[in-house]
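Fold and contact review
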Amino acid sequence: MRKLKSFEKLMFILNSLMAFLLLLSYILPYVEPKRFPVVSVLGLAVPFLIIFNLLFVVYWLLKVQKQMFLSIVVLAIGYTYVFSLYKFSASKNVAHAENISIMNYNVRLFNVFEWIDDPDLKSKLSRFIAERNPDVLCLQEYRPDTEMKFEGYFKYEQVTGHKVKNGQAILTKFPIVNSGSIKFPNTSNNAIFVDVVKAKDTIRIYNVHLQSMGIDPTVEKLANEDSENLLRRVSKTFKLQQLQAEQFIIHKQKSPHPMIICGDFNNTAYSYVYKEVKGDMQDAFVEAGNGFGRTFDFRFFPVRIDFILVDPVFEINAYKTFDVKYSDHYPIMTKVKL
C-alpha cells in the first residue's frame, strides 16, 4: 500500500469524522433527549452519515487503500441501521382475504394555504385514497373539509383551533366500539385511538402526532436559518417529543387489545422516541418495505418520520410508500393479517 497524498489525507480526516459521528449515533436511541438534547439532534443525520460512509468505502476500494476498513468496521457494527435505511423485501399473501389494509398520511391541512400550486389537489387526493381503498386510514394535520369525501367509513376525529381547526382523524371500515384522545399539554399535537371490531376480534388503532420541529426543508429557508437558533429549537422539540412519547406509552401499556400504531413521529427510526414507542412491535417498513421508504419531502437525503407499527400477533404481508405530492409527506400503506 502506498502512502497517502495530501488530498487523500484530507479525505481520510473527513472519513474519520463521518465514521465517528455514525458510531456515536448508534447510542442515540438509548439517550434521553431531555438529558442530552443537542446530542439527540445527530439522529436526524444518520441517513446522511450512512450514505457518506458507504461512499468512502467505495472511494478507498477504488484506490486499493486499507483506509476503507474504517467505514467498513463502523458500518458492520451498526448493520441493523444500514439495513433499516434501505430495504429489499418480498411481499407475501398480498391478496389474502383476511388482510387489513392500513394507510397513514400527514395531509398538511389538505393544502388549505396553497403551499402546493394545484387547484385540483383535493380532488386528486380524494381520488387517490378512494382508489387505494384502505380499511383503516389515519390522517395527521387533518381538518374538516366538505370537499373531501370519505364514503363508507366510520370516523373519529379530534381537532382544535379557531380560524383553522386541525388535528388527527381515524377512518375505518370496521365498527368503532370505543374511542378517545391522549391530550399532550401545551400543544395542538396529540394522539387518538379507536377500538374496532373485525369479525370476532377487537383491535386498537392509535394515531400519533408528535411535536413538529417547524423546519422549512427548502434550500433557501435552511440557508437563512441561524444555526444556533435552529439547534436550540430542534433540541427543545426533541425534549417535548420525549415527554409526549412517555405519556403515550403509559396509555399504550394499558391496552387490552392487539395494537396498530400509525403516526407522524417527526423523528427518525434512529431516535429515542421511536425506540420507546415501538417497544416490541413490528415496523411494517422494516418487515416488508422496499427502497429508502422516505416519507417526508426533504431534498438532501431520504427521511422516514412516518410509521406504521403493528403488534407481533399480526403477520405483515405488504408495505408501500406512494410517490405522490399532495402534501409535504408521502402516504404509506401496509397489509396485515391477524
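Let me begin by describing the structure that accompanies this report.

What counts, and at which threshold
Residues numbered from 1 in each chain as written. Predicted model: local features only at pLDDT ≥ 70, side-chain atom pairs only at ≥ 80, totals over all residues. Heavy atoms only, no water. Phe/Tyr/Trp six-rings, centres within 6.5 Å; stacked < 30°, edge-to-face > 60°. Helix = DSSP H or I, 4+ residues; strand = E, 2+ residues; numbered from the N terminus. Buried < 20%, exposed > 50% of the residue type's maximum accessible area, 1.4 Å probe, protein only. Pairing = 2+ DSSP bridges. Salt bridge = Lys/Arg side-chain N within 4 Å of Asp/Glu carboxyl O. Core = buried A, V, L, I, M, F, W, Y, C linked by side-chain atoms within 4.5 Å. Contact = heavy atoms within 4.5 Å. Expected span 1.5 Å × (residues − 1). Arc of directions from axis to C-beta.

Some details on the packing of aromatic side chains
- Taken as a whole and judged by the stated rule, the model has 17 aromatic pairs.
- On the numbers, 6.1 Å between centres and 75° between planes, the contact of Phe12 with Trp60 is edge-to-face. With Phe12 in helix α1 (residues 6–25) and Trp60 in helix α3 (residues 46–62), the pair connects residues that are 48 residues apart, well separated along the chain.
- In this structure Trp60 comes out as buried when scored by relative accessible area, which is 0%.
- Aromatic pair Tyr26 and Tyr81: ring centres 5.0 Å apart, planes at 85°, arrangement edge-to-face. A residue pair is termed long-range when its members are at least 10 positions apart, and Tyr26 in the loop between α1 and α2 (37–40) and Tyr81 in helix α5 (residues 79–85) qualify at 55 residues.

Some words on the sheet that holds strand β6 (residues 190–198)
- Strands sit in the order β5-β6-β7-β8-β10-β9 across an open sheet of six strands; the sheet is mixed. Strands with a single pairing partner mark the edges of an open sheet, and in this sheet they are β5 (176–183) and β9 (282–283).
- One ladder, built from six bridges, connects strand β7 (residues 201–209) with strand β8 (residues 259–264); its direction is parallel. Along β8, the bridge assignment pairs Arg204 with Met259.

Thoughts on the pattern of salt bridges
- Applying the stated criterion across every chain yields a total of 13 salt bridges.
- A salt bridge links Glu8 to Lys63, with the nearest nitrogen and oxygen atoms 3.5 Å apart. Taken together, the positions of Glu8 in helix α1 and Lys63 in the loop between α3 and α4 (68–77) put the pair 55 residues apart, joining distant regions of the chain.
- On the basis of relative accessible area, Glu8 is assigned to the buried category, the value being 3%.
- The shortest N-O distance in the salt bridge between Asp283 and Arg304 comes to 3.1 Å. Within this pair, whereas Asp283 is found in strand β9, its partner Arg304 is found in the loop between α10 (284–288) and β10 (306–310), the two being separated by 21 residues in sequence. For the pair shown, Asp283 and Arg304 are each scored as buried.
- Salt bridges here are not isolated pairs; linked through shared partners, they connect Lys122, Arg143, Asp145 and Glu147.

Observations concerning the nonpolar core
- Ile100, Ile102, Ile205, Ile260 and Ile308 are the most contacted members of the largest nonpolar core, which has 24 residues in total.
- Ignoring any residue separated from it by four or fewer positions in sequence, one finds Ile308 in contact with Ile102, Asn104, Ile260, Ile261, Cys262, Gln282, Asp283, Ala284, Ile332, Met333 and Thr334.
- Residues Ile50, Tyr81, Leu85 and Tyr270 belong to the second largest nonpolar core, which totals 22 residues.

As for the environment of Phe56
- Within the fold, Phe56 resides in helix α3.
- The spatial distance from the C-alpha of Phe56 to the C-alpha of Lys183 is 46 Å, given a sequence separation of 127 residues.
- Those residues in contact with Phe56 that sit more than four places away from it in its chain are Met11, Leu14, Asn15, Met18 and Ser71.

Regarding helix α6 (residues 121–132)
- The end-to-end C-alpha distance of α6, which contains 12 residues, comes to 17 Å, matching closely the 16 Å that a straight helix rising 1.5 Å per residue would cover.
- Considered for burial, the residues of α6 that qualify are Leu121, Lys122, Leu125, Ser126, Phe128 and Ile129. Within α6, the buried residues cover an arc of 160° as seen down the axis, which keeps them to one side. Opposite the buried face of α6, at more than 90 degrees from it, the exposed residues are Ala130 and Glu131.
- In this fold, the buried residues of α6 make contact with β1 (100–106) and β2 (136–142).
- A positive backbone phi angle near 50° is found at Asn133, which sits one or two residues after α6.

Structural notes on α4
- Of the residues making up α4, those classed as buried are Met68, Ser71, Val74 and Leu75. Mapping the buried residues of α4 onto a view down its axis gives an arc of 140°, with all of them on the same face.
- Buried positions along α4 lie against α1, α3 and α5.

With respect to the side chain of Ser40
- Tracing the sequence through the fold places Ser40 in helix α2.
- Looking at Ser40, the relative accessible area reads 9%, which means it is buried.
- Excluding residues within four positions of it along the chain, Ser40 makes contact with Leu28, Val31, Glu32, Pro33 and Phe238.

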